[in-house]
There are 6 protein chains.
Amino acid sequence: MTVSSKPAINSFTVMNELVFPNDTNPLHNLMGGRLLHLMDIAAAISAQKHSNHIVVTASVDNVSFKHPVKLGDVITIQAKVTRSFHTSMEIRIEVFSENIQPNSRIKSNEAYYTFVALDDTGKTTLVPEIIPETEEEKQLYITALSRRELRLILAGKMKPENATQLKALFFPEL
Amino acid sequence: MTVSSKPAINSFTVMNELVFPNDTNPLHNLMGGRLLHLMDIAAAISAQKHSNHIVVTASVDNVSFKHPVKLGDVITIQAKVTRSFHTSMEIRIEVFSENIQPNSRIKSNEAYYTFVALDDTGKTTLVPEIIPETEEEKQLYITALSRRELRLILAGKMKPENATQLKALFFPEL
Amino acid sequence: MTVSSKPAINSFTVMNELVFPNDTNPLHNLMGGRLLHLMDIAAAISAQKHSNHIVVTASVDNVSFKHPVKLGDVITIQAKVTRSFHTSMEIRIEVFSENIQPNSRIKSNEAYYTFVALDDTGKTTLVPEIIPETEEEKQLYITALSRRELRLILAGKMKPENATQLKALFFPEL
Amino acid sequence: MTVSSKPAINSFTVMNELVFPNDTNPLHNLMGGRLLHLMDIAAAISAQKHSNHIVVTASVDNVSFKHPVKLGDVITIQAKVTRSFHTSMEIRIEVFSENIQPNSRIKSNEAYYTFVALDDTGKTTLVPEIIPETEEEKQLYITALSRRELRLILAGKMKPENATQLKALFFPEL
Amino acid sequence: MTVSSKPAINSFTVMNELVFPNDTNPLHNLMGGRLLHLMDIAAAISAQKHSNHIVVTASVDNVSFKHPVKLGDVITIQAKVTRSFHTSMEIRIEVFSENIQPNSRIKSNEAYYTFVALDDTGKTTLVPEIIPETEEEKQLYITALSRRELRLILAGKMKPENATQLKALFFPEL
Amino acid sequence: MTVSSKPAINSFTVMNELVFPNDTNPLHNLMGGRLLHLMDIAAAISAQKHSNHIVVTASVDNVSFKHPVKLGDVITIQAKVTRSFHTSMEIRIEVFSENIQPNSRIKSNEAYYTFVALDDTGKTTLVPEIIPETEEEKQLYITALSRRELRLILAGKMKPENATQLKALFFPEL
């Protein structure tokens, strides 16, 4: 079976959302878990566009929440596939938030989700390769390898000493 | 200001949830992002019980999704604070799922969330120390240090060469 | 067909929930109907654990709401099967609520739901007997009979003069 | 302070609702707790119309669920205040359901909710008397007394031997 | 196949709804889109009652929002079929809102939705004629023609010069 | 008070959404009212970006639904302000839907919403002029006048004989 390659940009997905009362905690800040949920939906749409298959979340990498997002703010979630690995894809998510004031937009989060493509019977299936075109896409394509090694170590599927990419990234002096 | 210590067990929180149609994808599997949302709520309740303060999500560590959870399944989310770091807490989450069949319960996920405690003005505030009592709690209390180092590295707040705990964990031969 | 007996504790179910804005009235109190909905879900999970069958609500007994539960409070719903009657089960629900202050937990409600077990074709099916073990479980097992009589009278399925348990409970002097 | 009387019909409230997927169990039946939630909203609107005050649920009487309501069915909830007791009101709820077939409408449930009226500071406040006009309204106005006695007994606020109305209803031979 | 006629009143549908926090914008006003959603549900129930078929929205006419509806207000949506056109129906929607004060009810919106009836295979199917009985129903039955012409022009399905009813309505001097 | 002009493109807003079970009717098609709700949110974000003020829906023009959108489809909603009129703005909405198959994207709907800008006290406030740049934006800027005339006629605020733009559009031969 031949799997064609597709440019990363084809999977680009944008979601704008208003922060509603039920999304917030008693300080009227967007709850982290609600944002993770929205990011997952954006990533799923992006992975589905790339693979033309049903996709399911395989993992989410470490996400940190530095900037509170407030009730009534607009959040913009951008998703794009960075690289595929046979039946899985890594999707980069960037989150921006802005309030009603001019020029208030800031980048509030970024994250990497991985999704697996399934066929109609629920079995994993091959996905197209990614063709990175911009400088940023090329950089993300390369660094996807070390992020994957860290994921495999944390999931107990790779021994740290075999994580050559990650070791070079973390401890280049070794 | 004196901050008392509290046993880990005081923060123990259990959520049982039914998987409803709107939580699922077209294969009738629970969406990963919806589970991350529920885990965040459980972690927030646990962190609030420990700190007696409003809490906000600071980060979630890598989470992987190995077992599909189906429409109609019961999921059980257990949360407990493992260790506190001045104004933040690490919460361990375990997720179990079971269907209607006897003895069908399996562990489907685990994760570590960190939360920060805020006072009424929205400023970070100190939280009690954790007193680990069981063997598992003591083990989680110790390993919390290396998980924290990894979090700080990934957030760009610590240089890998200073992550002594993590280095010993990943590359003990160095 | 043999139906095994199971200890009451096997059906024990705990749900912790945060009170979100959409759950509240204009005074920021949890609406009674929303709580009845959450109690029904907890009872359904408990009844499903006991019966290993799909279950549907058959009735809810009188529930009173004495203590307002506020936006942002944590509610803890505990459910356990008290007794089974061929194809139906009585489930006792206790609701506790607490705010962010230490030692603020109070018992806010209790209720009895009954559920019926159905097989795959939607017909009622036998459920295991309950083995009460603690003193409280034994007491609830006994008093389930008079609660059932009241339910049958109110549903027009039993004449009050035949409700011997209930008559003894209400009017012991007769 | 003078409290005017108002006809029962002034509080009449009708809600038509479609049964959506998230309201149903795996057999595609409306969950009992979801219906209790909708009934509570209808009762609250009715009590608010009668009292012109914020109202909160005080209790719900025994409700039984005899007829399954299916996904896609239309449910019609009718609410009307039957009688007021100083600061509280009893509301009668009737639920009808119908599917897409002609003449498929059946009465699926009935229930009695009680609500308490609150002023702006959250304190209980007097509500108008009910003027029953139809035969059914007059009957419900009278029988409200024995339902109230049962409620008070079940809430531990009245001794059974003092429940003269209820005793006459249940055990007329005594 | 014979299609019977049915009085307009048979399709009359009333929905009372409370405005909840998640339905509102930061000024605590009901969002227009949420009201359009509720009106669509009321119209669908009305069209289903008239046709005894599954119905899908074909169009909504111009709707304007003049009166803000506030958090906690009660909205009453009334729907009734005005006329049928082979496989489609026009439904008139009126929206009233009231707050907790006596005599506060005002008419806040009106709209016309059209729905198409579908058989079990998803194909359009004939619906009964409408029998208008009241003066208002008769007037709406007649004016339905010019509203339909405007709809067809706006959808690009009719040339304006053929819209004789509409032309007479808009420009009677021509 | 000087009100600056802003390019139309600055208000461009994209929402990608998955169609979830609760958004659908029994044929598993997206309900029209749910789509109107999502379009309103997209339009509100676009109007807020342009005006830097709180905005409320003033009207929605005729919307027709020609193509069924199915459960699991991805819908893409694009919104952009076409022209402002003192304190109000017209926003054009385009909706595209696609399923999992390659090249399945179709345009399913388009609509025009108008929003009014409010200051912090809830009073209407001036919004910037629109600078149309592309050919399409210039065309929409011009035709906004006749759409506005139709809106004013339908709202009873303009006599048809004064609607010179609309008359020229509909009946150019007059």
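Located above this text is the structure these notes cover.
To keep things clear, this report deals only with the structure shown in the data block. (Residues numbered from 1 in each chain as written. Chains lettered and ligands numbered in written order. Predicted model: local features only at pLDDT ≥ 70, side-chain atom pairs only at ≥ 80, totals over all residues. Heavy atoms only, no water.)

### Quick notes on the overall build of chain A
Okay, step 1: Check the secondary structure of chain A and you find three helices and eight strands.
Okay, step 2: Along chain A, from the amino end to the carboxyl end, the secondary structure elements read β-β-α-β-β-β-β-β-β-α-α.
Okay, step 3: By the compact-globule yardstick of 16 Å for 174 residues, chain A fits well, its C-alpha radius of gyration being 17 Å.
Okay, step 4: C-alpha extents for chain A along the principal axes are approximately 50 × 45 × 30 Å.
Okay, step 5: In chain A, which comprises 174 residues, the proportion classed as buried is 60%.
Okay, step 6: Accessible surface computed for chain A: about 7200 Å², of which carbon and sulfur atoms make up 53%.
Okay, step 7: Positive and negative charge centroids in chain A, built from 18 and 19 side chains respectively, lie 3 Å apart. (Helix = DSSP H or I, 4+ residues; strand = E, 2+ residues; numbered from the N terminus. Rg over C-alpha atoms; globule rule 2.2 N^0.38 Å. Buried < 20%, exposed > 50% of the residue type's maximum accessible area, 1.4 Å probe, protein only. Areas by Shrake-Rupley, 256 points an atom, 1.4 Å probe, with all protein chains shown as cover. Lys, Arg positive; Asp, Glu negative; His and termini not counted. Charge placed at Lys NZ, Arg CZ, Asp CG, Glu CD.)

### Some points on the packing of helix α1 (residues 32-51) of chain A against helix α1 (residues 32-51) of chain B
Each pair of packed helices can be described by the angle between their axes along with the distance between the axes.
Okay, step 1: Between α1(A) and α1(B), whose axes approach to 7 Å, the crossing angle comes to 175°. As the angle between them shows, α1(A) and α1(B) are arranged roughly antiparallel. Only Gly32(B), Gly33(B), Arg34(B), Leu36(B), His37(B) and Asp40(B) of α1(B) make contact with α1(A), whose side of the interface consists of Gly32(A), Gly33(A), Arg34(A), Leu36(A), His37(A) and Asp40(A).
Okay, step 2: Each residue belonging to the contact of α1(A) with α1(B) can be placed in one class, and the counts come to two nonpolar, six polar and four charged. (Axes fitted to C-alpha atoms, helices over the stretch in contact; angles between N-to-C directions. Parallel < 35°, antiparallel > 145°, perpendicular 65-115°, else oblique. Contact = heavy atoms within 4.5 Å. Nonpolar A, V, L, I, M, F, W, Y, C, P; charged D, E, K, R; others polar.)

### Some thoughts on the interface of chain E and chain C
Okay, step 1: The partner chain C presents five residues to the five residues of chain E that form the contact.
Okay, step 2: Across the chain E to chain C interface the summed buried area is about 370 Å²; carbon plus sulfur atoms make up 69%.
Okay, step 3: Of all residues in chain E, Phe20(E), Pro21(E) and Asn22(E) give up the largest surface area on contact with chain C, accounting jointly for 77% of the area buried on that side.
Okay, step 4: On inspection of chain E and its partner chain C, the count reaches one residue pair in polar contact (both at pLDDT 80 or more). (Buried area = accessible area lost by both parts, 1.4 Å probe. Polar contact = N/O pair within 3.5 Å; in protein donor to acceptor, adjacent residues only side chain to side chain.)

### Examining the relation of the copies chain E and chain C
Okay, step 1: Least-squares fitting of chain E to chain C yields an RMSD of 0.0 Å, with the superposition described by an axial translation of 0.0 Å and a rotation of 120°. Here the copies are linked by what is in effect a three-fold axis. (Least-squares fit on C-alpha atoms with pLDDT ≥ 70 in both.)

### Topic: the interface of chain C and chain D
Size of an interface: often given as the accessible area lost when the parts come together.
Okay, step 1: Taken residue by residue, the interface counts 39 residues in chain C and 39 residues in chain D.
Okay, step 2: Per-residue buried area on chain C facing chain D is highest for Asn62(C), Phe170(C) and Phe171(C); these three make up 18% of the total on that side.
Okay, step 3: For the pair chain C and chain D, the number of links is zero salt bridges.
Okay, step 4: Looking at the side of chain C that touches chain D, the elements that each hand over two or more residues are α1 (32-51), β3 (54-60), β4 (63-64), β7 (106-118), α2 (135-154) and α3 (164-170) of chain C.
Okay, step 5: Relative to strand β4 (residues 63-64) of chain D, β3(C) runs antiparallel, the two being bridged by two bridges. When the bridges of β4(D) are listed, Ser59(C) appears paired with Ser64(D). (Salt bridge = Lys/Arg side-chain N within 4 Å of Asp/Glu carboxyl O. Pairing = 2+ DSSP bridges.)

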